[in-house]
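# Summary of the model geometry
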Amino acid sequence: DVVMTQSPLSLPVTLGQPASISCRSSQSLVHSDGNTYLNWFQQRPGQSPRRLIYKVSNRDAGVPDRFSGSGSGTEFTLKISRVEAEDVGVYYCMQGTLWPYTFGQGTKLEIK
Amino acid sequence: EVQLVESGGGLVQPGGSLRLSCAASGFTFTNYSMKWVRQAPGKGLEWLSYISSSSRTIYYADSVKGRFTISRDNAKNSLYLQMNSLRAEDTAVYYCARDSLYWGQGTLVTVSS
C-alpha cells in the first residue's frame, strides 16, 4: 500500500500567520492517465471530512483562496497564507492514484 | 444538492453482523462509483471499499476483505455495506462518499460485549 507521511503532526499557529503542512508518499502518485490524485481534506471537530484541494493544486468550490496546494511526484504541500480561527481542525492528505486509497496520519492545527 | 445519508449503525457484539445503508440524492447515482470510509474514535481515516457504478469493479482494504461486502441498488439510489464477523477494532464512524468530494454525516458502529 502507498504510505502517506505528514509533517508536522501538530501545528500551533498564531492568527494571521501562515501555515504549511508537508505530505510525502512512499511511491509516485502519477497515475497512468497522467493525473496526480493527491487531495487535501480538512476535518473540523465533530464534522465529516471536507475536501479542500484535489489533484495537487485545484481548490474545491467555496474553499477560501488562502488555501493552496503544490507539489509533484512524492512530495506535496498544503499552505494556508493567513490562518483564521475557523481553520482549526485536522488536515489530511490522501492519495487516490492506487487502491487502496490511503490517508496521511493527519495534522492537527490549533491556534497558539 | 448532493446528499448522502448513512444509517444502520449501532451496538453489536463481537462476531456479530450489521448492514449499513447510504441513501443518495441530488445526483444521478448510476453514473458514479461509491466508497465506504471509516474513522475509529480519535483516529485517522481509512478507505474500506470501492464499488464502480455498474458494480462490476469492487475493491476492499485488507483489514475488511472477506468480512465486509459492498453492494449497491441503482434503482433505489442506495449503497450498502454488509459487515460480518465484527471485531472490537471495527468500532468507528462509517462514512459513505462519492468521489472524495461528497461525504455523508457518518453512522457510528460500536462492537462491544
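Up top is the structure these notes are about.
For the structure given in this document, a descriptive report is provided here.

A few words on the environment of A:Val63. Position of A:Val63 among the secondary structure elements: in the loop between strand 6 (58-59) and strand 7 (67-72). The spacing of A:Val63 and A:Ala85 is 22 residues in sequence and 15 Å in space, taken between C-alpha atoms.

Turning our eyes to something else, we now look at the sheet that holds strand 8 (residues 78-83) of chain B. Residue and element names in this part refer to chain B. Strand order in the open sheet formed by four strands is 1-3-8-7, and the pairing between neighbours is antiparallel. One side of each edge strand has no neighbouring strand; the edge strands of this open sheet are strand 1 (3-7) and strand 7 (68-73). Looking at each pair of strands side by side, their axes are set apart by 15° on average, direction ignored. Pairing of strand 7 with strand 8 involves six bridges; the strand directions are antiparallel. Bridging from a neighbouring strand, isoleucine 70 pairs with leucine 81 of strand 8.

Let's shift gears to unusual backbone geometry. At the junction of A:Ser7 and A:Pro8, the peptide bond is cis and its omega measures out at -5° in the coordinates. With respect to the helices and strands, A:Pro8 occurs in the loop between strand 1 (4-7) and strand 2 (10-13). Here the phi dihedral of B:Ser55 falls at roughly 75°; this positive angle occurs in a residue that is not glycine.

The final tally for this structure, using the stated rule, is 14 aromatic pairs over all chains. When the centroid spacing of 5.4 Å and the interplanar angle of 90° are considered together, the rings of A:Tyr101 and B:Trp47 count as edge-to-face. Residue A:Tyr101 is located in the loop between strand 9 (89-95) and strand 10 (102-103), and its partner B:Trp47 is located in strand 5 (residues 45-51); the two belong to separate chains. An identical accessibility class is assigned to A:Tyr101 and B:Trp47; each is buried. Where B:Phe27 meets B:Phe29, the ring centres are 6.2 Å apart and the plane angle is 55°; that geometry is what we call tilted. Each of the two residues, B:Phe27 as well as B:Phe29, counts as buried. Grouping aromatic residues by their ring pairs yields a cluster made of A:Phe41, A:Tyr92, A:Trp99, A:Tyr101, A:Phe103, B:Trp47, B:Tyr50, B:Tyr59, B:Tyr95 and B:Trp103. Geometry around B:Phe29 places B:Arg72 over its ring, the cationic atom sitting 4.2 Å from the centre. Taking the ring centre of B:Tyr32 as reference, the NZ or CZ of B:Arg98 above it sits at 3.7 Å.

Let us look at the interface of chain A and chain B. Tallying the contact residues gives 14 residues for chain A and 20 residues for chain B. Carbon and sulfur atoms make up 64% of the surface buried where chain A meets chain B, a total of about 1400 Å² over both sides. Where chain A touches chain B, the interface holds zero salt bridges. For the pair chain A and chain B, the number of links is six residue pairs in polar contact (both at pLDDT 80 or more). For the side of chain A that touches chain B, the secondary structure elements donating two or more residues are strand 4 (38-43), strand 9 and strand 10 of chain A. Of all the elements, strand 4 of chain A adds the most residues to the side of chain A that touches chain B, at three residues. Residue classes in the side of chain A that touches chain B are distributed as seven nonpolar, five polar and two charged.

Looking now at the sheet that holds strand 3 (residues 19-25) of chain A. Residues and elements named next belong to chain A. In space, the four strands of this open sheet follow the order 1-3-8-7, with antiparallel pairing throughout. The sheet is open, and its two borders are formed by strand 1 and strand 7, each paired with just one other strand. Neighbouring strand axes in the sheet, compared pairwise and without regard to direction, differ in orientation by 20° on average. For strand 1 and strand 3, the ladder comprises four bridges, and the chain directions are antiparallel.

Let us now look at the nonpolar core. Core analysis: the largest hydrophobic core is formed by 26 residues, its most contacted members being B:Trp36, B:Phe68, B:Leu79, B:Leu81, B:Met83 and B:Tyr94. For this core, the secondary structure elements donating two or more residues are strand 3 (18-25), strand 4 (34-39), strand 5, strand 7, strand 8, strand 9 (92-98) and strand 11 (107-111) of chain B. By residue number, the principal contributor to this core is strand 3 of chain B, which donates four residues. Core analysis: the next-biggest nonpolar cluster, separate from the first, contains 22 residues, A:Leu11, A:Ala19, A:Leu78 and A:Cys93 among them.

Glancing now at the pairing of strand 2 of chain A. In the case of a regular strand, side chains alternate between the two sheet surfaces. All names here are of chain A. The alternating pattern of strand 2 places Leu11 and Val13 on a buried face, while none of Ser10 and Pro12, on the opposite face, is buried. Here four bridges tie strand 2 to strand 11 (residues 107-111), and the two strands are oriented parallel to one another. In the strand pairing of strand 11, serine 10 is matched with lysine 108.

Each value, and the rule that gives it
- Every residue gets a number counted from 1 within its own chain, in the order that chain's sequence is written.
- In the order they appear in the text, chains get letters beginning with A and ligands get numbers beginning with 1.
- With the structure being a predicted model, the display of local features is reserved for residues of pLDDT at least 70 and the display and counting of side-chain atom pairs for 80 or more, all residues being used for whole-chain, interface and lining totals.
- Side-chain numbers here rest on the full set of heavy atoms in the structure, without hydrogens or water.
- Per the convention used, a helix needs a DSSP run of H or I reaching at least four residues, while a strand needs a run of E reaching at least two, with both numbered from the N terminus.
- DSSP calls a pair of strands paired once it identifies at least 2 bridges connecting them.
- Only C-alpha atoms enter the line fits that serve as axes; for helices the fit covers just the stretch in contact. Angles between N-to-C directions range over 0 to 180 degrees.
- Pairing of aromatic side chains requires ring centres within 6.5 Å, counting the rings of Phe and Tyr and the six-membered ring of Trp. Pairs whose planes differ by under 30 degrees are stacked, by over 60 edge-to-face, and all others tilted.
- Per-residue accessibility, obtained with a 1.4 Å probe over protein chains only, is compared with the maximum for each type, and a residue is labelled buried under 20%, exposed over 50%, and partly exposed between these values.
- Criterion for a charge above a ring: Lys NZ or Arg CZ within 6 Å of the ring centre, and within 35 degrees of the ring normal.
- Two residues qualify as a contact provided that any one of their heavy atoms is within 4.5 Å of a heavy atom in the partner residue.
- Buried area: the accessible area, evaluated with a 1.4 Å probe, that two parts lose upon being put together, summed over both parts.
- Salt bridge criterion: a side-chain nitrogen from Lys or Arg within 4 Å of a carboxyl oxygen from Asp or Glu.
- In the analysis that follows, any N or O atom pair within 3.5 Å is treated as a polar contact, provided that within protein one partner can donate a hydrogen and the other can accept it, and provided that, for residues neighboring in sequence, both atoms belong to side chains.
- Residues were grouped as follows: Ala, Val, Leu, Ile, Met, Phe, Trp, Tyr, Cys and Pro as nonpolar; Asp, Glu, Lys and Arg as charged; and all remaining residues, including Gly, as polar.
- Nonpolar core, defined: a set of buried Ala, Val, Leu, Ile, Met, Phe, Trp, Tyr and Cys residues in which side-chain atoms within 4.5 Å join the residues together.

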